[in-house]
Amino acid sequence: MKTMKRREFLTAAALSGGALLSGKTATALSHRQPNLPRSAQAADARIEILLNEQIGQISPNIYSHFVEHLGGVVYDGIWVGEESKVPNVGGIRKELVEHMRRIKPGVIRWPGGCFADSYNWRDGIGPRAGRPRHTNFWRDDRARGNTAYQQLDSGPQKYEPNWFGTNEFMRFCKLSGAQPYFAANLRSLPAKDFYEWVEYCNAPAGQTTLSDIRAAAGEREPFNVEYWGIGNESWGCGGRFTPEEYSTEFRRFIAWAPRYKANLKFIGAGPNGGDINWTRGFFNSMVAKGANQLNSLYGWALHYYAGTTGSGKPFEYTTDEWYELLARSDRMESLITQHWGVMAETDPQHRVKLIVDEWGAWHAQDASLPAAYLFGYPGTLRDALVSGLTLDTFNRHADKVVMANVAQLINTIHSLFVAYEDKFVATPNFHVFEMYAAHQGGQAVRTLFSAPTLGFKRAAPNVPPGGFAQMTPQQRANLQAQTQNTTGTFWGLQGSASVNGKTLTLTVVNPHATEIRETEIAVRGAKVLSGQATTLTASDIHAHNSFEHPRALMPTNGTVQVQNGAVVYRFPAASVTRLQLTLA
Ligand code: AHR
């Protein structure tokens, strides 16, 4: 890993008029403020916050979640049952609910994922003892090299008991303070079943047989569920459709869905990462049927997983692999702008917004969780930086992105929590979500960041979940050959800012594994009176929490020095920071 030293950077920037940096950041650096304190003039980096350049309101739904009947997510991550020795509220893990309230969740997406297109909602209603048992979709996930379920003889992770159905999920949403987002089964159930699920949830009690079943289970008031996903990954596990075929199915599903009093918002199964042909094909096919067809599409849901590096083990990575994963996660920015541009070809007014309802890094399972807890691991500081930079990206595109759901909430992939029986721990991702909750509902404003870029030796691109360990020697050699001896570059500092009343929230990621970044922060359009800082960092880039050491990696608080309205802040190496600045 190689970076320019501070002196080299400032000299080179001065000689080149800032040409070392991209256009906007270079301009920012060249406008040094005469009233800044001496220390500020020597800073390595600079952030300008342009209060008058508003982007859009940050939807609280950008801070949303995803739970699927996969591994230990639902059983025992969320649902422990009323009779459990694990403290619970009506069967739902109490410690989880308490933590959920702290992060102000937007919506929770359920029941999948790929599982959704195998799920019959009727199996999860009525008295729990009489609910049917089925083999779980993920029982035999050979595609990802998973054999864990094959070793199981029994258990809710393998044979879905349907103890956690619509009413239990709604209970979890209410306890957490979140709105529900249901994913309808498009692959293996007809549209009629979807309409009837809407009816079960939203019809007034006393009016239909289904709403009476809901009322008999203690839920007289309609749930008024607004967000409905029409299938999931319909290009893959959700039916292997072409975009044109999916567009036909989508229209058929939503055509006469019953409304009741809910303002139904239909969400289309969008692309896998950079697959713009899926986006273009679907949108073209929709407008070919009539320009107004897009009026019924609330959001277009992109999925992007940044994968893993090297061995795939969550705690094992070199410094180069630290940067590699951050750089790969940062692809979210270009995915948003690419798909947004393609959507504009048929929807120039952007009636349809973007949703990213699955995102995160994805490492191999850790031995601290049972084998059946598929893809479960407590993430590290590296994953926390992935969270910070991704949430910053969504904030910077608040005009385009109306919802984002991290995958997933507990016990799998990029989770905020891990739990096993009576053990529970918040991962570094949780701390980032708690810090960033301050952005919710704020007005996103434009920021200009300038800092020395850093370079790293590239690992192979797109290492699949599970890492190299899951690949044949030939696949591994081919992948490595693609990028051998190439160098990657990455930004030196990035973040986002939002304003809520007199409070300016600035969140910043310093990706440098070892260097503090001293930074001038100039707020255009207001004077800063005071500030508070919260930072998540550690001297070891592999730091993480575990059942044995649940508080090994925790945020710390401090104050921000403000002199004559100017702020200089030293962002620690390998950190995610939130500054809350009070404006005059
Ligand atoms: O989050 C795990 C899986 O990843 C989801 O079920 C699917 O939608 C995606 O491929």
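In the block above lies the structure referred to throughout.
Quick look at the structure, then. (Residues numbered from 1 in each chain as written. Predicted model: local features only at pLDDT ≥ 70, side-chain atom pairs only at ≥ 80, totals over all residues. Heavy atoms only, no water.)

1. Some remarks on the state of the cysteines
Argument step 1. In this structure the tally under the stated criterion is one disulfide.
Argument step 2. Between the sulfur atoms of Cys114 and its disulfide mate Cys237 the distance is 2.2 Å. Taking the torsion about the S-S bond as the criterion, the Cys114 to Cys237 disulfide, at about -85°, is left-handed. Of this pair, Cys114 sits in the loop between strand E6 (107-110) and strand E7 (134-135) while Cys237 is found in the loop between strand E10 (227-230) and helix H9 (243-254), placing the two residues 123 residues apart along the sequence.
Argument step 3. Take Cys114: its relative accessible area is 8%, and that puts it in the buried class.
Argument step 4. Accessibility expressed as a relative area gives 22% for Cys237, which makes it partly exposed. (Disulfide = S-S within 2.5 Å. Helix = DSSP H or I, 4+ residues; strand = E, 2+ residues; numbered from the N terminus. Buried < 20%, exposed > 50% of the residue type's maximum accessible area, 1.4 Å probe, protein only.)

2. Comments concerning the sheet that holds strand E11 (residues 265-272)
Argument step 1. Strand order in the closed barrel made by the eight strands is E3-E6-E9-E10-E11-E12-E13-E14, with parallel pairing throughout. Ignoring strand direction, the axes of neighbouring strands in this sheet form an average angle of 30°.
Argument step 2. Of the pairings in the sheet, the one linking strand E12 (residues 299-307) to strand E13 (residues 353-361) comprises eight bridges and is parallel in character. Paired with Ala301 across the strands is Ile355, a residue of E13.
Argument step 3. Contacts from helix H12 (residues 332-346) reach E11, E12, E13 and strand E14 (401-407), with the element oriented near 155° to E13. (Pairing = 2+ DSSP bridges. Axes fitted to C-alpha atoms, helices over the stretch in contact; angles between N-to-C directions. Contact = heavy atoms within 4.5 Å.)

3. Observations regarding the site of the ligand
Argument step 1. Lining the immediate surroundings of the ligand are 14 residues, of which Glu68, Cys114, Glu233, Tyr305 and Glu358 lie closest.
Argument step 2. One nitrogen or oxygen atom from the side chain of Glu68 is found 2.7 Å from an oxygen atom belonging to the ligand.
Argument step 3. In this structure, an oxygen atom belonging to the ligand sits 3.1 Å away from a side-chain N or O atom of Asn232.
Argument step 4. When the free accessible area of the ligand is taken as 290 Å², the share hidden by the protein chains comes to 98%.
Argument step 5. In terms of residue class, the shell around the ligand is made up of six nonpolar, four polar and four charged. (Near = heavy atom within 4 Å. Polar contact = N/O pair within 3.5 Å; in protein donor to acceptor, adjacent residues only side chain to side chain. Areas by Shrake-Rupley, 256 points an atom, 1.4 Å probe, with all protein chains shown as cover. Nonpolar A, V, L, I, M, F, W, Y, C, P; charged D, E, K, R; others polar.)

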